[in-house]
Amino acid sequence: MTTKTIAGKTVQVNEEGFMTAPAEWTKDIAVEIAKEEGIAELTPAHWKVIEFCRQDAAASGKTPTLRRITAGAGVTTKELFALFPKGPAKKVARISGLGKPEGCV
Amino acid sequence: MKKLLILGAGTAGTMVANRLNRLLDSGEWKITIVDQDETHYYQPGFLFLPFGVYNKNDVVKPKRYFMPFGVELIMSPIDVIEPDHNRVKLSDGRVLDYDFLVIATGADIHPEQTPGLAEHEWGQSIHTFYSYEGALALHQKFKTWQGGRLVVNVIDNPIKCPVAPLEFLMLADWYFHERGMRDKVELVYATPLSGAFTKPIASKLLGDILGQKGVKVIPDFMAEHVDPDAKKIVSFDEQEVPYDLLVSIPLNMGAAVVAKSGLGDELNFIPVNKHTFLSDKFSNIFVLGDAAGIPTSKAGSVAHFAVDTFGENFVRYSEGLELLPIFDGHANCFIESGYGKGVLIDFNYDTEPLPGRYPLPGVGPFTLLQESEANHWGKLMFRWMYWNILLKGQELPLPSLMSMAGKWAK
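Conventions adopted
- Residues numbered from 1 in each chain as written.
- Chains lettered and ligands numbered in written order.
- Predicted model: local features only at pLDDT ≥ 70, side-chain atom pairs only at ≥ 80, totals over all residues.
- Heavy atoms only, no water.
- Contact = heavy atoms within 4.5 Å.
- Buried area = accessible area lost by both parts, 1.4 Å probe.
- Salt bridge = Lys/Arg side-chain N within 4 Å of Asp/Glu carboxyl O.
- Pairing = 2+ DSSP bridges.
- Helix = DSSP H or I, 4+ residues; strand = E, 2+ residues; numbered from the N terminus.
- Axes fitted to C-alpha atoms, helices over the stretch in contact; angles between N-to-C directions.
- Domains from an automatic or database assignment.
- Nonpolar A, V, L, I, M, F, W, Y, C, P; charged D, E, K, R; others polar.
- Buried < 20%, exposed > 50% of the residue type's maximum accessible area, 1.4 Å probe, protein only.
- Right-handed = clockwise from strand over helix to strand, strands pointing away.
- Phe/Tyr/Trp six-rings, centres within 6.5 Å; stacked < 30°, edge-to-face > 60°.
- Lys NZ or Arg CZ within 6 Å of the ring centre and 35° of its normal.

### Describing the interface of chain B and chain A
Here is step 1 of the chain: Facing 24 residues of chain B, the contacting portion of chain A comprises 18 residues.
Here is step 2 of the chain: Both faces considered, chain B and chain A share a buried interface measuring about 1800 Å² in area, 57% of it formed by carbon and sulfur atoms.
Here is step 3 of the chain: Linking chain B with chain A are 4 salt bridges, by the criterion used here.
Here is step 4 of the chain: Between R68(A) and E266(B) there is a salt bridge, with its nearest N and O atoms 2.8 Å apart.

### Observations regarding the sheet that holds strand β6 (residues 78-82) of chain B
All names here are of chain B.
Here is step 1 of the chain: Strand order across the open sheet formed by 3 strands is β6-β7-β8, with antiparallel pairing between neighbours. Strands with a single pairing partner mark the edges of an open sheet, and in this sheet they are β6 and β8 (95-97). Taken pair by pair, the neighbouring strands of this sheet meet at an average axis angle of 20 degrees, ignoring direction.
Here is step 2 of the chain: When β6 meets strand β7 (residues 87-90), the two strands line up antiparallel, connected through 4 bridges.

### Some thoughts on the domain arrangement of chain B
All names here are of chain B.
Here is step 1 of the chain: Each assigned domain of chain B is listed here: domain 1 (2-108 + 253-318), domain 2 (110-251) and domain 3 (331-390).
Here is step 2 of the chain: For domain 1 and domain 3, the distance between their C-alpha centres works out to 26 Å.
Here is step 3 of the chain: Opposite the 23 residues of domain 1 that make contact, domain 3 presents 12 residues.
Here is step 4 of the chain: Summed over both sides, the interface between domain 1 and domain 3 buries roughly 1700 Å², with carbon and sulfur atoms accounting for 68% of that surface.
Here is step 5 of the chain: There are 1 salt bridge connecting domain 1 and domain 3.
Here is step 6 of the chain: The set of elements that each furnish at least two residues to the side of domain 1 that touches domain 3 consists of α1 (11-23), β3 (39-41), α2 (56-59), β4 (60-62) and α7 (300-318).
Here is step 7 of the chain: Considering each element in turn, the side of domain 1 that touches domain 3 owes the most residues, 4 residues, to α7.
Here is step 8 of the chain: When the residues that make up the side of domain 1 that touches domain 3 are grouped by side-chain class, the tally is 13 nonpolar, 7 polar and 3 charged.

### Here we look at the pairing of strand β12 (residues 148-154) of chain B
All names here are of chain B.
Here is step 1 of the chain: Within β12, 7 of the 7 residues are buried, which leaves the element mostly enclosed by the surrounding structure.
Here is step 2 of the chain: As defined by bridge partners, β12 adjoins strand β13 (residues 185-190) across 6 bridges and the pair is classed as parallel. Bridge assignment links G148 to a residue of β13, and that residue is V185.
Here is step 3 of the chain: Once the chain exits β12 it traverses helix α4 (residues 164-178) before rejoining the sheet at β13, and the crossover so formed is right-handed.
Here is step 4 of the chain: As defined by bridge partners, β12 adjoins strand β18 (residues 245-249) across 5 bridges and the pair is classed as parallel. Its bridge partner lying in β18, V152 is registered against V247.

### Observations regarding the packing of aromatic side chains
Here is step 1 of the chain: Under the counting rule described, the total for this entry stands at 31 aromatic pairs over all chains.
Here is step 2 of the chain: Between F327(B) and Y349(B), the aromatic rings sit 6.0 Å apart at their centres with planes inclined by 85 degrees, giving edge-to-face as the arrangement. Linking F327(B) in the loop between α7 and β21 (331-338) with Y349(B) in the loop between β22 (341-347) and β23 (356-360), this pair joins segments that are 22 residues apart in sequence.
Here is step 3 of the chain: Classification of F327(B) as buried rests on a relative accessible area of 0%.
Here is step 4 of the chain: On the basis of relative accessible area, Y349(B) is assigned to the buried category, the value being 14%.
Here is step 5 of the chain: In this structure an aromatic cluster arises from ring pairing among F51(B), F129(B), Y130(B), F142(B), W145(B), F168(B), Y175(B) and F176(B).
Here is step 6 of the chain: Residue placement shows K27(A) over the ring face of W47(A); its charged tip is 5.1 Å from the ring centre.
Here is step 7 of the chain: Over the aromatic face of Y54(B) sits the side chain of R383(B), whose NZ or CZ is 4.8 Å from the ring centroid.

Dropping the structure here:
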């Protein structure tokens, strides 16, 4: 387990760059990680998805999968790919300070 | 008499029936198992059917052969599970009540979930080896195929046996070489993952092996639909991958009865405790095998290690003791890599596949994350072990929990 400084805050991350303590997450961190992922600006549409993922993970203890996000956050898979290009489930998880989605075993 | 009801007589259900029949007192327990299909399929064998390595007889046997004396086997589709009433309704009208329920209804492919996939080209230029019929049809196709661009595509994860698509590609490389037409075949792997496999070290090493075999990997490809006339798959972000022959691993979902009974997630897999298999919602329902929504591979080896830990744990629980959180997500997969060789991976929830030797540290005979002939023989031997030892719920001389001994850590 290593630590990394994002948006001026030191947080724990795993070897794949996913935060391991969701409580350390802040909105500023989300903005920084989004930039690393090539998303220059987080729009309200992005935040809607991020907030759904944060709430869902807090309730279930698990990072939501792509299918769970589309069912729960009211976006289509196509829109998700437009918002978070390439692997949206993984990108949203990283930006939301959550672990890698468990579908990927 | 206490009633234990098992739904599904596939790999997990059959192993549970055999194991618990031995562990539970037959004077106190009545064990019943329900399934809709008389035939037990050795699913790992489907991989070998298209290449003619196995034939039909290698992969099918009657389910009844594997049911121990004392366990009642009922042949019927299941209509609905009513967990609030501790009962299950069968499609033939019978109602079965239970004290404890084990759901082992597995996972199956759903090509109809992807537009264009299972339409007029299904069985023509679009195939799958993830079903018995599909694997046999692909064998027929290969007999007359003249070559071209063969694309293997995974629609979405999780899938049964996550290494099977890689094995298929490596066997295809060998098979077309043997047939003297490897130069006429382009092998492509389009996957929604960011690399050849999920975990970093295995992804790198398996990706290298694929590269050496001339397989092109297209990562981060999430197929939205297939255009069967233009012969291309199109992703959600509008990448296109053309093919001459598409070998699809369609969406894998849990049984429809799980959804109908309100027990599943978006893909009809049932949330359970990943160390005990106890349902999150019901204290007398367990889920084993592919039906369970736990973050480990959907594979027979996992089901086997799971049943190893579950058997004694269930006995404790039925006597009023607490369940021990013992299952570690252990998976152990032989990966057939062609030319009489194979790769072996051994991992669990916390430890990704690492290089090393197995099962004897430093000795083997099997090599982890490295090609060897021993691994290939291990894979072929496994079919005998499956039919003769595993399904009957007997123990293999391998520990059910993963061990770090013999693995080279980073």
